[in-house]
Amino acid sequence: MGATPSPSNIMLGGSGNDVMVAGSGTNEMHAGSGTDTFVVINSAINQVGGGNQVMLDAFKQGTDHLDLVGYAGSTDALLANASHDNGGTQMQIADGVRLNVAGVNLTANDIWRQG
């Protein structure tokens, strides 16, 4: 994925159930101890433009979820094109968003899809 740029948006989850929505630029999202949802919205809907980067840290499999809104294609196809390096998941989503989930190899159970 190349060099990691400085984040434009830094979000920190707390002890409750948090919902964090990626904005334009580079987004750094840190899960808290609750059940957290990380939302990435297709640029055709949110009009922030492609080329954004989303970095997720402390994602808890079986508890937290990645919610992809407005993206076509199947979750299986998205995961088939992902790379799994250093125990994490890196993928490029259709509108140019680069997603990096540290320390977790995402599965279909971790991802929600909304048309």
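Residues numbered from 1 in each chain as written. Predicted model: local features only at pLDDT ≥ 70, side-chain atom pairs only at ≥ 80, totals over all residues. Heavy atoms only, no water.

1. Digging into the overall build of the protein chain
In step 1: The helix and strand inventory of the protein chain stands at 2 helices and 10 strands.
In step 2: The order of α-helices and β-strands along the protein chain, N terminus first, is β-β-β-β-α-β-β-α-β-β-β-β.
In step 3: Among the 115 residues that make up the protein chain, the fraction classed as buried is 42%.
In step 4: Carbon and sulfur atoms provide 48% of the accessible area of the protein chain, an area that totals close to 5500 Å². (Helix = DSSP H or I, 4+ residues; strand = E, 2+ residues; numbered from the N terminus. Buried < 20%, exposed > 50% of the residue type's maximum accessible area, 1.4 Å probe, protein only. Areas by Shrake-Rupley, 256 points an atom, 1.4 Å probe, with all protein chains shown as cover.)

2. Here's the deal with the environment of G96
In step 1: If you trace the backbone, G96 turns up in the loop between β8 (88–92) and β9 (98–101).
In step 2: The exposure class assigned to G96 is buried, which follows from its relative accessible area of 16%.
In step 3: Sequence separation between G96 and S43 is 53 residues; the distance between their C-alpha atoms is 8.9 Å.

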